[in-house]
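Analysis of the macromolecular model
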Amino acid sequence: MHKYKIGLFGFGCVGQGLYEALEKNDRVNAEIVKIGVKTPGKERPLPAELFAYDPGEILENDDIDLVVELIDDADKAFSIVKEALKRKKPVVSANKKMVAENLAELIALQKRYETPLLYEGAVCGSIPVIKTLEDYYALEQVKEIKGIFNGSTNYILTKVIEENKSYDEALHAAQVNGFAETDPTLDVEGYDPKYKLGIVLQHTFGIYVHPNDIFNQGIQNITKSDIAFARERGLKIKLLAKATRQGNNISAFVAPHFVSKESPLYHVENEYNAVLVDGDFAAEQLLLGKGAGKLPTGLAVLSDVVSITRGYHYRPSELHNDLSFEPSTEEVYVSFESNETLDFNAFKHITEKYVGKKTGYVIGQIDIPALKNLLDENNANVIFTSGAKAETEIHKLAYSYEIG
Ligand code: HSE
């Protein structure tokens, strides 16, 4: 039986996880024969002859019949993936930024060169999200898909809010544990989950939305007052990615949300991710697992390698010309320092407003573009409540008191 020869690009956290997962597994019909890295002379745990510094050593090598791309740089990754597909070498990648930003072109390249690209490891670590959407949900009308798509921020929120650790300490631990991106602002400002959400939109609804068109707010502006507000009401704050279909409109965003005990997402802590899919037939289902880390993500990549050896590819994307991507109106809590002059007219409807000596908040309904303007122009933070179809129905809980 043909044994696949893998050319691996990148030997960081996930690359080493893949190597280890493959080493510990004698049922995979593939071996890593070359590892492309950028820095010569660095001490590495494997024989020097396994490493290459010129991408051509892998891409132009006819003996290598599968490329695994696990580097940090999204632009370089895209060049590698394009070249591999052109040379009809199937590719496995875990680079969510590269996939999200170039998905339309990547789909076209796969069709043109009849060569597959799989990227399960790009979305929520070890949770088989893409395959589940592709295969299990192929015949389902998904109404909503949402969840915790970033392990680092969930870890930080758990440590800071539940365990009273400092933000810096929690971020450092997320980095040491290999959860965070090399540039952790991608995690804490909500870009990383946005890339994942973009990929999920394609596989759930068949539409491609560039990440620049998706609203993202991270956890970086959450204040002590916000945390006090949540605690007083028995709520947690979770960074959620969410996509909803209403008729022919799709909306999607990443933002911190108040989450109440009744939601399964309330109980998801540390680096765990969770994806809640709501469909016409199956109703709600929860996928839960480790969303980051060396071996969980290494396993997701290894699973794609095995899928390639079995001839698996994603369904050719069907064009959904009837669906359009529209910004939604959301119910949000916006907190601010009392000396800020917030334009309350940006809200379509205000249900509660409180301005104390130091801090204030307003709860109301607002269009996403107006919210973006408000946050760009003011020193303010937003936490979504989701209104009636609730993470929480905030009105039932809200009461005023001096915070901060
Ligand atoms: N930085 C990412 C996270 C890694 O924390 O979720 C997994 O994609």
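Residues numbered from 1 in each chain as written. Predicted model: local features only at pLDDT ≥ 70, side-chain atom pairs only at ≥ 80, totals over all residues. Heavy atoms only, no water.

Now for the overall build of the chain. Along the chain, the regular secondary structure elements total twelve helices and 17 strands. What you see for the chain is a C-alpha radius of gyration of 22 Å, in line with the 22 Å of a compact globule of 404 residues. Considering only C-alpha atoms, the chain reaches an extent of 70 × 50 × 35 Å along its principal axes. Among the 404 residues that make up the chain, the fraction classed as buried is 57%. When contacts within the chain are restricted to residue pairs at least 6 apart in sequence, those whose partners lie at least 24 apart make up 71%. Entry remark: accessible area of the chain is about 17900 Å², with carbon and sulfur atoms responsible for 48%. Of note, the chain has its 44 positive side-chain charges centred 2 Å away from the centre of its 59 negative side-chain charges. (Helix = DSSP H or I, 4+ residues; strand = E, 2+ residues; numbered from the N terminus. Rg over C-alpha atoms; globule rule 2.2 N^0.38 Å. Buried < 20%, exposed > 50% of the residue type's maximum accessible area, 1.4 Å probe, protein only. Contact = heavy atoms within 4.5 Å. Areas by Shrake-Rupley, 256 points an atom, 1.4 Å probe, with all protein chains shown as cover. Lys, Arg positive; Asp, Glu negative; His and termini not counted. Charge placed at Lys NZ, Arg CZ, Asp CG, Glu CD.)

This part covers the domain arrangement of the chain. Its domain assignment divides the chain into domain 1 (4-118) and domain 2 (136-290 + 314-404). Computed from C-alpha coordinates alone, the two centres of domain 1 and domain 2 are separated by 33 Å. If you look at the interface, domain 1 gives 14 residues, while domain 2 gives 14 residues. Where domain 1 abuts domain 2, roughly 1300 Å² becomes buried across the two surfaces, and 68% of that area is made up of carbon and sulfur atoms. (Domains from an automatic or database assignment. Buried area = accessible area lost by both parts, 1.4 Å probe.)

Right, let's talk about the site of the ligand for a bit. Near the ligand the following residues occur: K96, N150, G151, S152, F179, A180, E181, D187, D192, K196, G291 and A292. Here an oxygen atom of the ligand sits 3.4 Å away from a polar atom, N or O, in the side chain of N150. D187 places a side-chain nitrogen or oxygen 2.8 Å from a nitrogen atom of the ligand. Isolated, the ligand exposes 260 Å² of accessible area, and the fraction of that covered by the protein chains is 94%. Those elements that place two or more of their residues in the shell around the ligand are α6 (151-162) and α9 (191-205). Of the residues assigned to the shell around the ligand, the class counts are three nonpolar, four polar and five charged. (Near = heavy atom within 4 Å. Polar contact = N/O pair within 3.5 Å; in protein donor to acceptor, adjacent residues only side chain to side chain. Nonpolar A, V, L, I, M, F, W, Y, C, P; charged D, E, K, R; others polar.)

Now for a nonpolar patch on the surface. Residues Y272, L286 and L288 make up a contiguous nonpolar surface patch of about 270 Å² in total accessible area. Among the structural elements, Y272 can be located in strand β11 (residues 272-279). (Patch = residues over 30% accessible without salt bridge, like charges linked within 9 Å, V, L, I, M, F, W, Y side chains within 5 Å. Salt bridge = Lys/Arg side-chain N within 4 Å of Asp/Glu carboxyl O.)

Attention shifts here to the packing of aromatic side chains. Per the stated rule, a full pass over the model turns up 15 aromatic pairs. Ring geometry for Y119 and Y314: centres 4.9 Å apart, planes at 65°, overall edge-to-face. With Y119 in the loop between β6 (117-118) and α5 (129-136) and Y314 in the loop between α11 (294-309) and β13 (324-325), this pair connects stretches of sequence that are 195 residues apart. Summarising the aromatic geometry, the rings of Y312 and Y314 are spaced 6.1 Å apart at their centres and angled 90° between planes, so their arrangement reads as edge-to-face. On the basis of relative accessible area, Y314 is assigned to the buried category, the value being 7%. Cation over ring: R44 sits above F51, and NZ or CZ is 5.2 Å from the ring centre. Seen from the ring of F344, K353 lies directly overhead, with NZ or CZ sitting 4.2 Å from the centre. (Phe/Tyr/Trp six-rings, centres within 6.5 Å; stacked < 30°, edge-to-face > 60°. Lys NZ or Arg CZ within 6 Å of the ring centre and 35° of its normal.)

So, on to the side chain of S152. Mapped onto the elements of the fold, S152 is located in helix α6. Its relative accessible area of 1% is what places S152 among the buried residues. From its side chain, S152 meets the backbone oxygen of F179 in a polar contact 3.1 Å long. Only 3.2 Å separates the side chain of S152 from the backbone nitrogen of A180, close enough to count as a polar contact. Setting aside chain neighbours within four positions, we find S152 in contact with A174, F179, A180 and D187.

Now for the nonpolar core. Within the largest apolar cluster, 101 residues are counted, with the highest numbers of intra-cluster contacts made by I6, L8, I35, V68, I145 and F205. Top contributing element to this core by residue count: helix α4 (residues 96-113), with eight residues. Both domains that furnish three or more residues to this core are identified here as domain 1 (4-118) and domain 2 (136-290 + 314-404). (Core = buried A, V, L, I, M, F, W, Y, C linked by side-chain atoms within 4.5 Å.)

Counting buried positions along strand β14 (residues 329-337) yields seven of nine residues, so the element is predominantly enclosed. Relative to strand β16 (residues 359-367), β14 runs antiparallel, the two being bridged by nine bridges. When the bridges of β16 are listed, V334 appears paired with V362. Where β14 lies against strand β17 (residues 380-384), five bridges are found, and the strand directions are antiparallel. Residue pairing for β17: Y333 is matched across the bridge by I383. (Pairing = 2+ DSSP bridges.)

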